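Secondary and tertiary structure notes
One letter stands for each residue in the lines below.
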Amino acid sequence: MDAPADQTHEVPENVDVLQIMQAIPHRYPFLLIDRVEKIEAGESAVGIKNVTVNEPFFPGHFPGRPVMPGVLIIEAMAQTAATLVVLTLGPAFEGKLVYFMTIEGAKFRRPVVPGDQLRIHVQKERARANVWRFKGVAKVDGVAVAEATFSAMIMG
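Residues numbered from 1 in each chain as written. Predicted model: local features only at pLDDT ≥ 70, side-chain atom pairs only at ≥ 80, totals over all residues. Heavy atoms only, no water.

Considering the confidence of the model for the protein
Summary statistics for the protein give a mean pLDDT of 93 and a share of 95% for residues scoring 70 or more. Counted against residues more than four places away or in other chains, residues 1-6, with its pLDDT under 50, gives 0 contacts. (pLDDT = per-residue confidence, 0-100. Contact = heavy atoms within 4.5 Å.)

Now the structure itself:
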């Protein structure tokens, strides 16, 4: 099967954390996704975040009642989207910085706690030049826990 005209490289359907770190520059303690799967080049992907009690933010958020900060769930959405964008655009974009431009309609429906597995669904709404807009929905056990629409610019 021939690649689409704008895609001259193969995009995997699933990537592990080592491939994520090749695609985006984030590292511990700020790399917030463990795997990306169900990748449809230029369109959508699902990021996986296994939330453990060992996360560096839990001692302060909150002592005795650990809750993943909502802003970090949004960041995990952005990292999932950034990985999708870099995999779509190809090796020349690996490690490039991706900056938030807008975050709209963020909603947090229930706390995310240790033991949860976030499944972060991102869907491209549009892409123009180096600006991409996505709708993200984070789910735990199939139930939406957070959502947002966001746009970001890839800098090269």
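Back to the write-up after that little detour.
Section: the layout of surface pockets
Taken as a whole, the largest pocket encloses approximately 210 Å³ of empty space. Lining the largest pocket we find 18 residues, and of these Ala 78, Ala 82, Val 98, Tyr 99 and Ala 152 sit closest to its centre. Looking at the lining of the largest pocket, the elements that each hand over two or more residues are α2 (70-89), β4 (97-108), β6 (131-140) and β7 (143-155). The element that contributes the greatest number of residues to the lining of the largest pocket is α2, accounting for 6 residues. (1 Å grid on protein atoms, 1.4 Å probe; cavity = no way out; pocket = protein on both sides within 12 Å on 5 of 7 lines; lining within 4 Å. Points joined across faces, edges and corners; volume = space filled by probe spheres on them. Helix = DSSP H or I, 4+ residues; strand = E, 2+ residues; numbered from the N terminus.)

Quick look at the environment of Gln 79
Inspection of the secondary structure puts Gln 79 in helix α2. Along the backbone, Gln 79 and Phe 30 are 49 residues apart, and their C-alpha atoms lie at a distance of 9.9 Å. Not counting chain neighbours up to four residues away, the residues in contact with Gln 79 comprise Ile 24, His 26, Phe 30, Leu 31, Leu 32 and Ile 33.

Focus on the pattern of salt bridges
One pass over the full model with this rule turns up 9 salt bridges. The salt bridge partner of Glu 37 is Arg 35, with a shortest N-O separation of 3.3 Å. The residue Glu 37 makes a salt bridge to Arg 119 at a minimum N-O spacing of 2.4 Å. Of this pair, Glu 37 sits in strand β2 (residues 35-40) while Arg 119 is found in strand β5 (residues 117-128), placing the two residues 82 residues apart along the sequence. Within this structure, Arg 35, Glu 37 and Arg 119 form a network of salt bridges that share partners. (Salt bridge = Lys/Arg side-chain N within 4 Å of Asp/Glu carboxyl O.)

Structural notes on the packing of aromatic side chains
Scanning the entire structure with this criterion turns up 4 aromatic pairs. Arranged with centres 6.1 Å apart and planes meeting at 85°, the rings of Phe 100 and Phe 150 form a pair that is edge-to-face. Placement of Phe 100 in strand β4 and of Phe 150 in strand β7 is noted, with a sequence separation of 50 residues between them. Residue classification places Phe 100 among the partly exposed residues on the basis of a relative accessible area of 34%. Using a relative accessible area of 1% as the deciding quantity, one classes Phe 150 as buried. A ring pair is formed by Trp 132 and Phe 134, whose centres lie 6.1 Å apart and whose planes are at 10°; its orientation type is stacked. The exposure class assigned to Trp 132 is buried, which follows from its relative accessible area of 8%. For Phe 134, a relative accessible area of 3% gives the class buried. By the ring-pair criterion, three or more aromatic residues cluster together here, those being Phe 100, Trp 132, Phe 134 and Phe 150. (Phe/Tyr/Trp six-rings, centres within 6.5 Å; stacked < 30°, edge-to-face > 60°. Buried < 20%, exposed > 50% of the residue type's maximum accessible area, 1.4 Å probe, protein only.)

Observations concerning the pairing of β7
The pairing of β4 with β7 spans 9 bridges and is antiparallel. Each residue of the ladder has a partner; that of Phe 100, found in β7, is Ala 152. Bridging between β6 and β7 involves 10 bridges; their strand directions are antiparallel. Directly across from Val 137, in β7, lies its bridge partner Glu 147. The loop that links β6 with its antiparallel partner β7 comprises 2 residues; one of these, Asp 141, has a positive phi angle of about 55°. (Pairing = 2+ DSSP bridges.)

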